[in-house]
Protein chains: 2
Amino acid sequence: MSVKEAMETRRSIRKYAQEPIPREDIEEMLRLASLAPSAWNIQPWRFIVVMDPEKKRELHLAANRHPQVKSAPVVIILTSDMEDAIAHIEECIHPDMPEEGKQWLKETIPKVFGAQSAEQRGQWGVAQSNIVLGYLLIAIRSLGYDSSPMYGYNPERIRQLFDLPSHVQIPAIIAIGKRAEEGHSHHRHPLHRIVRYV
Amino acid sequence: MSVKEAMETRRSIRKYAQEPIPREDIEEMLRLASLAPSAWNIQPWRFIVVMDPEKKRELHLAANRHPQVKSAPVVIILTSDMEDAIAHIEECIHPDMPEEGKQWLKETIPKVFGAQSAEQRGQWGVAQSNIVLGYLLIAIRSLGYDSSPMYGYNPERIRQLFDLPSHVQIPAIIAIGKRAEEGHSHHRHPLHRIVRYV
C-alpha cells in the first residue's frame with residue numbers, strides 16, 4: 001500500500017472483525033516500525049503483543065475498559081525501557097563504525113544519560129517511542145489492518161500484569177485488527193493554521 | 001511509494017543535492033504528516049519551514065552547526081504549542097460530533113490540562129508531536145526526498161530567532177532534500193530482543 005493511501009485511510013477503529021492476525025503479519029508490522037530513527041540509535045522501545053484471551057481480559061480492565069481492547073484480536077503494549085537500553089549500549093552501536101567511534105559512544109552515552117534522573121531519561125525514551133508509534137500505525141495500515149492507539153490506562157496495573165519494572169514507561173497501547181466499522185473522517189487543522197514559511 | 005519501501009529506504013542523510021524543493025511537495029509532506037492521530041484531536045504541532053538562506057545560516061549556528069542544516073535546501077522546525085491549542089480548543093472538535101459531546105469536550109479538555117503545569121502539558125505535546133515526526137519522515141521519503149531529524153540545538157536561541165513564546169516546545173528539527181550520499185544502513189535490534197508474545 002502506498003504511503004499516501006495508508007495515511008489517508010488510517011482511522012481510529014473501535015470495532016474489529018473477530019479473526020486472528022497471522023503471526024507473520026505482526027512480525028512484519030513490528031519489523032517495519034523498528035526501522036524508525038532513534039537518537040544515538042538507542043531504540044528504547046520494547047513491545048508486548050497480547051493475544052491470550054485471559055491476558056486481554058485483564059488488560060481491558062487495566063485500560064479503562066476501552067471497548068477496542070476487548071474487540072481487537074491483538075493489542076500491542078508499547079513500552080520504553082531506557083535502563084535496559086543503556087545497560088546494553090553495545091547492542092546499539094553500528095558495527096560498521098570505526099573502533100574509536102564505538103569506544104567514544106560506549107563511554108559517552110551512559111555518561112550523558114547518567115547525568116539525568118531516571119525520570120528525565122524515561123521521558124526522553126517516551127518521546128523516541130512515539131516516533132515508532134507513528135511508524136507502527138502506518139505499517140499496520142499498509143498490511144491491510146486497522147488500529148486504535150490509546151492513552152487511558154493504569155500504567156502501574158499494566159506493569160504488574162506483565163511483570164515490568166517500575167522504571168518502564170508505557171507510551172501507548174494499540175488495538176489491532178480488521179475494521180468492522182468505518183470510523184470517523186479526519187478533522188485536521190488546515191495547513192495555513194499550523195505552517196509558517198520563512 | 002509503498003510504505004515498505006519508504007520505511008526501508010529512509011536513512012539519516014547529511015549531504016543534500018543543491019536543488020530547491022517545490023512548495024507543493026512541502027505542502028503535501030505536511031498535509032500527510034498532519035493526518036497523524038492526536039489524543040483529544042488536540043494536534044499541538046506547528047511547523048516552521050525554513051528556506052531563507054539568511055535564516056538558515058542563523059539556524060545552523062543555533063543547531064550546533066550540524067552540517068545538514070547548511071546542506072539541506074529546507075529545514076523544518078517541529079514545534080508544539082499546547083497553550084495555543086488549548087486556547088482554541090473549538091478548532092479541535094470534530095464538526096460531526098453531537099452538540100452535547102462538543103460541549104463536554106470544550107469544558108473537559110481545558111479542565112484536564114489546566115490541572116497540569118505548563119511543563120507537564122508541554123511534555124505531553126512533545127510526545128504527541130513525535131508521532132507526527134514519525135509520519136513526516138515517511139511522508140518525506142514517499143515523495144522521493146530524504147531527511148535527517150536532529151535533537152542537538154539551543155531551543156532558547158531558536159525561539160528568539162523565530163519569535164516563539166517561551167512555552168513553545170521544539171521536539172526536533174528536520175533537514176530535507178534529495179540525498180547526495182548513501183547514508184548508513186540500518187542497525188536495528190532483532191525482533192526477538194524487543195518483542196514478547198503473551
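Procedures and definitions
Residues numbered from 1 in each chain as written. Chains lettered and ligands numbered in written order. Predicted model: local features only at pLDDT ≥ 70, side-chain atom pairs only at ≥ 80, totals over all residues. Heavy atoms only, no water. UniProt positions renumbered as here; feature names shortened; annotations may be inferred. Helix = DSSP H or I, 4+ residues; strand = E, 2+ residues; numbered from the N terminus. Contact = heavy atoms within 4.5 Å. Areas by Shrake-Rupley, 256 points an atom, 1.4 Å probe, with all protein chains shown as cover. Lys, Arg positive; Asp, Glu negative; His and termini not counted. Charge placed at Lys NZ, Arg CZ, Asp CG, Glu CD. Buried < 20%, exposed > 50% of the residue type's maximum accessible area, 1.4 Å probe, protein only. Least-squares fit on C-alpha atoms with pLDDT ≥ 70 in both. Buried area = accessible area lost by both parts, 1.4 Å probe. Salt bridge = Lys/Arg side-chain N within 4 Å of Asp/Glu carboxyl O. Polar contact = N/O pair within 3.5 Å; in protein donor to acceptor, adjacent residues only side chain to side chain. Nonpolar A, V, L, I, M, F, W, Y, C, P; charged D, E, K, R; others polar. Expected span 1.5 Å × (residues − 1). Pairing = 2+ DSSP bridges. Axes fitted to C-alpha atoms, helices over the stretch in contact; angles between N-to-C directions. pLDDT = per-residue confidence, 0-100. Phe/Tyr/Trp six-rings, centres within 6.5 Å; stacked < 30°, edge-to-face > 60°. Lys NZ or Arg CZ within 6 Å of the ring centre and 35° of its normal.

Under the annotation held in an unreviewed UniProt entry, chain A carries the name Nitroreductase family protein and is attributed to Polycladomyces zharkentensis. Listed under Sequence similarities (unreviewed entry) in UniProt, the entry text for chain A is "Belongs to the nitroreductase family."

Moving on: the overall build of chain A. A tally of helices and strands in chain A yields nine helices and five strands. Within chain A, contacts between residues separated by at least 24 positions form 80% of all contacts whose residues are at least 6 apart in sequence. Accessible surface, chain A: about 8500 Å² in total, of which carbon and sulfur atoms supply 51%. For chain A, the centre of its 25 positive side-chain charges and the centre of its 25 negative side-chain charges are spaced 9 Å apart.

All names here are of chain B. When you line up the elements, Glu 107 lands in helix α6 (residues 99–114). Classification of Glu 107 by relative accessible area gives partly exposed; the value is 45%. In this structure, the C-alpha to C-alpha distance between Glu 107 and His 88, residues 19 residues apart in sequence, is 12 Å.

With that out of the way, let us pick up the relation of the copies chain A and chain B. One copy of the chain maps onto the second through a rotation around an axis plus a translation along that axis. With an axial shift of 0.0 Å and an RMSD of 0.0 Å, the rotation relating chain A to chain B amounts to 180°. Taken together, these values place the two copies in the relation of a two-fold axis. Relative to the rotation axis, the C-alpha of Ser2(A) is the closest in chain A, positioned 2.0 Å from it. A shared binding surface is used by both copies, with 100% of the interface residues of chain A retained as interface residues in chain B.

Looking now at the interface of chain A and chain B. The interface of chain A with chain B comprises 70 residues on the first partner and 70 residues on the second. Between chain A and chain B the total buried area reaches about 6100 Å² when both faces are included, carbon and sulfur atoms providing 59% of it. Three residues, His187(A), Tyr197(A) and Val198(A), lead the burial of chain A against chain B; their summed loss comes to 13% of the area buried on that side. For Glu91(A), the salt bridge is made with Arg193(B), and the minimal N-O distance between the two is 2.9 Å. Counting every contact that joins chain A to chain B gives 50 residue pairs in polar contact (both at pLDDT 80 or more). Looking at the side of chain A that touches chain B, the elements that each hand over two or more residues are α1 (3–9), α2 (23–33), β1 (45–50), α7 (118–142), α9 (191–194) and β5 (195–197) of chain A. With 13 residues, α7(A) is the largest single contributor of residues to the side of chain A that touches chain B. Residue classes in the side of chain A that touches chain B are distributed as 38 nonpolar, 17 polar and 15 charged.

Residues and elements named next belong to chain B. Between its terminal C-alpha atoms helix α7 (residues 118–142) stretches 36 Å, which fits the 36 Å expected from 25 residues at 1.5 Å a residue. Summarising burial for α7: 20 of the 25 residues are buried, a large majority. Just beyond α7, the residue with positive phi is Gly 144, at close to 90°.

Tallied over the full model, the rule gives 30 salt bridges over all chains. Ionic pairing is found between Arg31(A) and Glu28(A), a salt bridge with its closest N-O pair at 2.9 Å. One end of the pair, Arg31(A), and the other, Glu28(A), are both in helix α2, three residues apart, so they sit about a helical turn from each other. What you see here is one network of salt bridges that share partners, running through Lys4(A), Glu8(A), Glu28(B) and Arg31(B).

Turning our eyes to something else, we now look at the sheet that holds β5(A). The five strands are arranged β5(A)-β1(B)-β2(B)-β4(B)-β3(B) in an open sheet whose pairing can be described as mixed. For this open sheet the edge positions go to β5 of chain A together with β3 (146–150) of chain B, each flanked by a neighbour on one side alone. Strand-to-strand, the axes of this sheet are offset by a mean angle of 20°, without reference to chain direction. In the sheet, strand β2 (residues 74–80) of chain B pairs with strand β4 (residues 169–177) of chain B via six bridges, with the strands oriented antiparallel. Paired with Leu78(B) across the strands is Ala172(B), a residue of β4(B). α7(B) rests against β1 (45–50), β2, β3 and β4 of chain B of the sheet, and its axis sits at about 10° to β4(B).

With that settled, consider the confidence of the model for chain A. Chain-level statistics for chain A give a pLDDT mean of 96 and a share of 100% at 70 or above. Under the prediction, the complex receives an ipTM of 0.95, its pTM being 0.96.

Taking strand neighbours across the sheet as the criterion, the five strands line up as β3(A)-β4(A)-β2(A)-β1(A)-β5(B) in an open arrangement whose pairing is mixed. This sheet does not close on itself; its edge strands, each paired only once, are β3 (146–150) of chain A together with β5 (195–197) of chain B. Strand-to-strand, the axes of this sheet are offset by a mean angle of 20°, without reference to chain direction. Packing of α2(A) onto the sheet brings it into contact with β1, β2 (74–80) and β4 (169–177) of chain A together with β5 of chain B, and relative to β5(B) it is tilted by some 155°.

Applying the stated criterion across every chain yields a total of four aromatic pairs over all chains. For Arg23(B), the ring lying beneath its charged end belongs to Tyr197(A), and the centroid distance is 3.6 Å. A cation over a ring is seen here: Lys55(B) above Phe162(B), with NZ or CZ 5.4 Å from the ring centre.

Glancing now at unusual backbone geometry. Here the phi dihedral of Arg65(A) falls at roughly 50°; this positive angle occurs in a residue that is not glycine. Mapping Arg65(A) onto the fold places it in the loop between α3 (53–62) and α4 (67–71). Looking at Arg65(A), the relative accessible area reads 57%, which means it is exposed. Although it is not a glycine, Gln43(B) sits at a positive phi angle of roughly 45°.

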